[in-house]
Amino acid sequence: MSPIDGAVAVGLVLVVLDLVGTFVFALSGALVGVRQRLDLFGVLVLSFVAACGGGILRDTMIGATPPAALQDWRYVAISMAAGLLTFWRAGAIERWRNPVQSMDAVGLGVFAVAGALKAQAFGLGPVGAILLGMLTGIGGGMLRDVLVAQVPAVLKAELYAVAALAGAGVVVLGKALSLPLTPVVVAGVVACTGLRLFAIRRGWRLPTAEPPA
Amino acid sequence: MSPIDGAVAVGLVLVVLDLVGTFVFALSGALVGVRQRLDLFGVLVLSFVAACGGGILRDTMIGATPPAALQDWRYVAISMAAGLLTFWRAGAIERWRNPVQSMDAVGLGVFAVAGALKAQAFGLGPVGAILLGMLTGIGGGMLRDVLVAQVPAVLKAELYAVAALAGAGVVVLGKALSLPLTPVVVAGVVACTGLRLFAIRRGWRLPTAEPPA
Amino acid sequence: MSPIDGAVAVGLVLVVLDLVGTFVFALSGALVGVRQRLDLFGVLVLSFVAACGGGILRDTMIGATPPAALQDWRYVAISMAAGLLTFWRAGAIERWRNPVQSMDAVGLGVFAVAGALKAQAFGLGPVGAILLGMLTGIGGGMLRDVLVAQVPAVLKAELYAVAALAGAGVVVLGKALSLPLTPVVVAGVVACTGLRLFAIRRGWRLPTAEPPA
């Protein structure tokens, strides 16, 4: 493959992974909705919010309005499909927990890397791009949990946000060193996804502090 | 009436209904605030958020900044009036439950239709315009419930969001068929309000799924 | 001092107070995080949200994107420093409750005044500028509480938002009367901070209403 063919191939892979990530994030939202006994509409809202909420927050904050998730019908369609599937077969989705969690790790990596790239394209500096890359990855899950009146899992559970930080950090580092885009993107996704998968397998967690008496 | 006079009359009616909707949505926010024993400031915040939160979310997402509700003092004034009235006479507002619920259905229709129109004017496609029309109608109530740490009623109770979807859908369909604006707007408001009133009277609900064991 | 030297000196003082306010607001977020037994990441998120959330909401709503807090690394750095300090020494921060509360009152005044000024600079009228000044002061704390699934303290506790309203109101009044900027800013900060300190000392609260049976 020529370098250009390689970049096109990577681009295509990223689009597919982005849609896969959207689907898997939407499954997580729908499952929370079913467990909270929301009605069909509520389950679909949670699917869409979990899948697209992070990107919508990012786009609104950087001024990329209207947000991509509201302009491209595929995001809505994929979220609805995941929501309907879960509504109809929540038990099956539960049993596929392990493959879903692995695909979720891939989605996290793609979202964090794509989010950091888009933030840079809109003029954010290194710190802002890392924060918005992370927010793209974790924002949907946070909104999902807030909507069912629970403390976002990402604030207290396994290593999750740190993996998104790592993926976004690779993008920012790559730009600072003027490295070519394609390998940087691949490295960012691999870093985030790998770190997340390790964290799941090993049960890595961040420390908590002892609250004052 | 000439067609132009008709359009002006419909426009005037819409402005009045928009302000009536703002007042009634604000009553719903204030009642939640009083029941949660918030102080006077908290009750006024919930009034404003319930009345104007959906429009503010829409305007922020489509880049129509600053949001209309922050530029036009009438929205703030009407929200405050509804909040003070409820603070002072919560029992009376409770007893007027039925007329308030009927006016709320009218407000829902006006908000959903106006939201879809504004989203189209800012370049959103059909899917985005329907979603944002719906969000204009239900977003304030969702924010109201999130602020008192409860799962938004619209995600699990009677048919409400579907009525907003129908109203916004009529607007999008009318544009796709290049129909004249005035009858489309009237049809959208009537469709949403009528569906909502039927849903209240018949107790229509969306199905819920059985959570996995 | 010449008038220009005076304005420069006030400007410098405001920058310092803004950073102090950021630090103290971040302490409040971190303490909530530690008490809710969030992990290190969660504590840092709450620090940042409490310190910068109000400004981010304001900037997003007025179209000043990307928000200042994501473009200026000092806000992130100061929030992280406050979060780490609290994570490591939550007990000590608790014991410094009184000085922290006094500095928080200063931060509230600076945020409310700066928020109202920025809103005016982006074309908001008097009502919008007062609301956004207040939101700059209280929005971070509200987001902090929503993220841990609690009703925002500002909606039901001591006089807090009213102080922010007063500070923002002085700014709007000063513009309406075409008064020179420097004394108006000083008066706004003093009004808000003074009112808040009095409210703490005297235990001033707003009234609540009796919920209907």
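Computed from a predicted model, the values in this text were never measured in an experiment. Residue positions within a chain follow its written sequence, with the count starting from 1. A letter from A marks each chain and a number from 1 marks each ligand, given out in the order of writing. Only residues with pLDDT of at least 70 are given local features in this predicted model, and only at 80 or more are side-chain atom pairs given and counted; all residues enter the totals for whole chains, interfaces and linings. Side-chain metrics in this entry use all non-hydrogen atoms of the structure; hydrogen atoms and water are not considered.

1. Structural notes on unusual backbone geometry
Okay, so step 1: Here the bond from T65 of chain A into P66 of chain A is cis, since omega is -5°, no more than 30 degrees from zero.
Okay, so step 2: The numbering of helices and of strands both runs from the N terminus, where a helix is a DSSP run of H or I of at least 4 residues and a strand a run of E of at least 2. Tracing the chain through its elements places P66 of chain A in the loop between α2 (40–62) and α3 (68–71).
Okay, so step 3: The backbone phi angle of A149 of chain C is positive, close to 60°, even though this residue is not glycine.
Okay, so step 4: Structurally, the position occupied by A149 of chain C is in the loop between α7 (126–147) and α8 (161–176).
Okay, so step 5: Its relative accessible area of 27% is what places A149 of chain C among the partly exposed residues. Each residue gets one of three labels from its accessible area relative to the maximum for its type: buried under 20%, exposed over 50%, partly exposed in between, using a 1.4 Å probe on protein chains only.

2. What to know about the relation of the copies chain C and chain B
For the pair of chain copies, the relating operation is a rotation around an axis with a shift along it.
Okay, so step 1: In screw terms, the move from chain C to chain B is a rotation of 120° and a rise of 0.0 Å along the axis, fitting with an RMSD of 0.0 Å. A rotation of that kind, with that shift, is consistent with a three-fold axis. Every residue of chain C has its C-alpha some distance from the rotation axis, and the shortest such distance is that of A149 of chain C, at 3.1 Å. Only residues with pLDDT of at least 70 in both copies count here: their C-alpha atoms drive the least-squares fit that superposes the copies.

3. Comments concerning the relation of the copies chain B and chain A
Okay, so step 1: Superposing chain B onto chain A takes a rotation of 120° combined with a translation of 0.0 Å along the rotation axis, leaving an RMSD of 0.0 Å.
Okay, so step 2: A different interface surface on each copy is seen, since only 10% of the contact residues of chain B are contact residues in chain A too. Should any heavy atoms of two residues lie within 4.5 Å, those residues are counted as being in contact.

4. Focus on the UniProt feature "domain: Glycine transporter" (unreviewed entry) in chain A
Residue and element names in this part refer to chain A.
Okay, so step 1: With numbering matched to this structure, UniProt assigns "domain: Glycine transporter" (unreviewed entry) to residues 16–88 and 103–173.
Okay, so step 2: The span residues 16–88 carries 86% helix and 0% strand; its end-to-end C-alpha distance comes to 25 Å.
Okay, so step 3: Taken end to end, residues 103–173 comprises 76% helix and 0% strand; its first and last C-alpha atoms sit 25 Å apart. UniProt positions are given in the numbering used here, feature names are shortened, and annotations may be inferred rather than shown by experiment.

5. Details of helix α9 (residues 181–202) of chain B
Residues and elements named next belong to chain B.
Okay, so step 1: Helices are assigned an expected span. That span is 1.5 Å times one less than the residue count. Between the first and last C-alpha of α9 there are 31 Å, a value that for 22 residues agrees with the 32 Å anticipated at 1.5 Å per step.
Okay, so step 2: Taken as a whole, α9 has its buried residues at V184, V185, G188, V189, C192, T193, R196 and A199. Buried residues of α9 fall within an arc of 150° about the axis and therefore sit on the same side. Away from the buried face of α9 by more than 90 degrees, exposed residues V190, R201 and R202 are located.
Okay, so step 3: Of the residues trailing α9, G203 is marked for its positive phi of about 70°. Each C-beta atom gives one direction from the helix axis, and the arc is the one those directions make.

6. Overview of the environment of K118 of chain C
Residues and elements named next belong to chain C.
Okay, so step 1: Structurally, the position occupied by K118 is in helix α6 (residues 97–121).
Okay, so step 2: When the C-alpha positions of K118 and A129 are compared, they lie 8.2 Å apart, and in sequence the two are eleven residues distant.
Okay, so step 3: Non-local contacts of K118, meaning those with residues more than four positions away in its chain, are made with R58, D59, I62, A64 and A68.
Okay, so step 4: Side-chain polar atoms of K118 contact the side chain of D59, separated by 3.2 Å. Residues adjacent in sequence count toward polar contacts only when both atoms are side-chain atoms; beyond that, a polar contact is any pair of N or O atoms within 3.5 Å, and within protein one must be able to donate a hydrogen and the other to accept it.

7. Concerning the pattern of salt bridges
Residues and elements named next belong to chain A.
Okay, so step 1: Between Lys or Arg on one side and Asp or Glu on the other, a salt bridge is scored when a side-chain nitrogen of the former is within 4 Å of a carboxyl oxygen of the latter. By the definition in use, this model includes 18 salt bridges over all chains.
Okay, so step 2: A salt bridge links D59 to K118, with the nearest nitrogen and oxygen atoms 3.2 Å apart. Of the two residues, D59 sits in helix α2 while K118 sits in helix α6 (residues 97–121), which places them 59 residues apart along the sequence.

8. Examining the side chain of T193 of chain B
Residue and element names in this part refer to chain B.
Okay, so step 1: For T193, the location among the structural elements is in helix α9.
Okay, so step 2: Of the polar contacts made by the side chain of T193, one reaches the backbone oxygen of A105; its length is 3.2 Å.
Okay, so step 3: Apart from residues lying up to four places away in sequence, T193 is in contact with A105, V106 and G109.

9. Let's talk about the interface of chain C and chain B
Okay, so step 1: Taken together, the contacts link 30 residues of chain C with 29 residues of chain B.
Okay, so step 2: On the surface where chain C and chain B come into contact, there are zero salt bridges.
Okay, so step 3: Summed over the shared surface of chain C and chain B, the number is two residue pairs in polar contact (both at pLDDT 80 or more).
Okay, so step 4: Looking at the side of chain C that touches chain B, the elements that each hand over two or more residues are α2 (40–62) and α7 of chain C.
Okay, so step 5: Looking at which element gives the most residues to the side of chain C that touches chain B, the answer is α7 of chain C, with eight residues.
Okay, so step 6: For this classification, the nonpolar set comprises Ala, Val, Leu, Ile, Met, Phe, Trp, Tyr, Cys and Pro, the charged set comprises Asp, Glu, Lys and Arg, and every other residue, Gly included, is treated as polar. Residues that form the side of chain C that touches chain B fall into these classes: 23 nonpolar, five polar and two charged.

10. Digging into the interface of chain B and chain A
Okay, so step 1: Listed per partner, the contact involves 30 residues of chain B and 29 residues of chain A.
Okay, so step 2: Both sides of the chain B and chain A interface together cover about 2,400 Å² of buried area, and 77% of this is carbon and sulfur.
Okay, so step 3: Counting the surface chain B buries against chain A, the share from its top three residues, M61, L155 and P212 of chain B, is 25%.
Okay, so step 4: Applying the counting rule to chain B against chain A returns zero salt bridges.
Okay, so step 5: In this assembly, chain B and chain A are joined by two residue pairs in polar contact (both at pLDDT 80 or more).
Okay, so step 6: Where the side of chain B that touches chain A is concerned, the elements lending two or more residues are α2 (40–62) and α7 (126–147) of chain B.
Okay, so step 7: The dominant element in the side of chain B that touches chain A, judged by the number of residues it contributes, is α7 of chain B, at eight residues.
Okay, so step 8: Along the lines of polarity and charge, the residues of the side of chain B that touches chain A split into 23 nonpolar, five polar and two charged. Buried area: the accessible surface (1.4 Å probe) lost by two parts on joining, summed over both.

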